[in-house]
Amino acid sequence: MKPGPPPKDAAWPWLLFLLWILGTPLLGVLWFSYGFALAGGQATNRQLSQICGYAMLIVGFGAPMLGLLLALASRRRSATIVFTLALVTVAVLWARLALHK
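Heads up: these notes are all about the structure in this document.

This paragraph deals with the overall build of the protein. Scanning the protein from N- to C-terminus turns up three helices and zero strands. Each helix and strand of the protein, placed in order from N terminus to C terminus, yields the pattern α-α-α. Relative to the 2.2 N^0.38 estimate, which gives 13 Å for 101 residues, the radius of gyration of the protein is 18 Å and therefore markedly larger than a compact globule would have. The principal-axis extent of the C-alpha atoms belonging to the protein is close to 65 × 30 × 20 Å. The buried share of the protein, reckoned over its 101 residues, is 26%. For the protein, the share of sequence-separated contacts (at least 6 apart) that also reach a separation of at least 24 residues comes to 57%. For the protein, the exposed surface amounts to about 7800 Å²; the carbon and sulfur share of it is 72%.

Time to look at the environment of leucine 93. Take leucine 93: it is sitting in helix α3 (residues 77-99). Its relative accessible area of 55% is what places leucine 93 among the exposed residues. A sequence separation of 21 residues divides leucine 93 from leucine 72, and the C-alpha atoms of the two residues are 24 Å apart.

Now for the packing of aromatic side chains. Tallied over the entire structure, the rule returns four aromatic pairs. An angle of 50 degrees between the planes, with centres 5.8 Å apart, marks the rings of phenylalanine 17 and tryptophan 20 as tilted. Residue phenylalanine 17 and its partner tryptophan 20 are both found in helix α1 (residues 12-35); the two are separated by three residues, about one turn of the helix. Measuring from ring centre to ring centre gives 6.3 Å for phenylalanine 17 and phenylalanine 83, while their planes differ by 75 degrees; the resulting arrangement is edge-to-face. Of this pair, phenylalanine 17 sits in helix α1 while phenylalanine 83 sits in helix α3, and the two are 66 residues apart along the sequence. Judged by relative accessible area, which is 24%, phenylalanine 17 ranks as partly exposed.

So, about the packing of α1 against helix α2 (residues 46-73). The contact between α1 and α2 brings their axes to 8 Å, and the two run at 160 degrees. Between α1 and α2, the angle is such that the two are roughly antiparallel. α2 is crossed by α1, and the crossing has left-handed handedness. Partitioned by chemical class, the residues of the contact of α1 with α2 number 18 nonpolar, seven polar and one charged.

Bringing the packing of α1 against α3 into the picture now. In the contact formed by α1 and α3, the axes pass within 10 Å of each other and the chain directions differ by 20 degrees. The angle between α1 and α3 places the two elements in the roughly parallel class. When you trace α1 past α3, the crossing you get is left-handed. Packed against α1, whose contacting residues are Pro13, Trp14, Leu16, Phe17 and Trp20, the element α3 presents Ser78, Ala79, Val82, Phe83, Ala86 and Val90 at the interface. The residue inventory of the contact of α1 with α3, partitioned by class, reads ten nonpolar, one polar and no charged.

What counts, and where the lines are drawn
- Residues numbered from 1 in each chain as written.
- Predicted model: local features only at pLDDT ≥ 70, side-chain atom pairs only at ≥ 80, totals over all residues.
- Heavy atoms only, no water.
- Helix = DSSP H or I, 4+ residues; strand = E, 2+ residues; numbered from the N terminus.
- Rg over C-alpha atoms; globule rule 2.2 N^0.38 Å.
- Buried < 20%, exposed > 50% of the residue type's maximum accessible area, 1.4 Å probe, protein only.
- Contact = heavy atoms within 4.5 Å.
- Areas by Shrake-Rupley, 256 points an atom, 1.4 Å probe, with all protein chains shown as cover.
- Phe/Tyr/Trp six-rings, centres within 6.5 Å; stacked < 30°, edge-to-face > 60°.
- Axes fitted to C-alpha atoms, helices over the stretch in contact; angles between N-to-C directions.
- Parallel < 35°, antiparallel > 145°, perpendicular 65-115°, else oblique.
- Left-handed = near helix turned anticlockwise from the far one by under 90°.
- Nonpolar A, V, L, I, M, F, W, Y, C, P; charged D, E, K, R; others polar.

The analysis is restricted to geometry; functional conclusions fall outside its scope.
The structure is reproduced here in structure tokens:
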């Protein structure tokens, strides 16, 4: 008995994409706002700033990879294309940042 095709109305790829597109910048703003200090002063909330920074990195790099793996597993072509483009964009930007001197 072969498994049937995945349901066409599943919204997980687009919800994960929205989490990635909206969540990463939001966590970045929180990271900056809680860790901002002028002229050597103390940060507003250093621990929360670090947590937001780590969460931003996890969401920023983890959501496209998780989305691509789930899209490949569920054989969703459009989601595979979207998350592949997202990963290629992140990789190119990361490489440009790493090679910039």
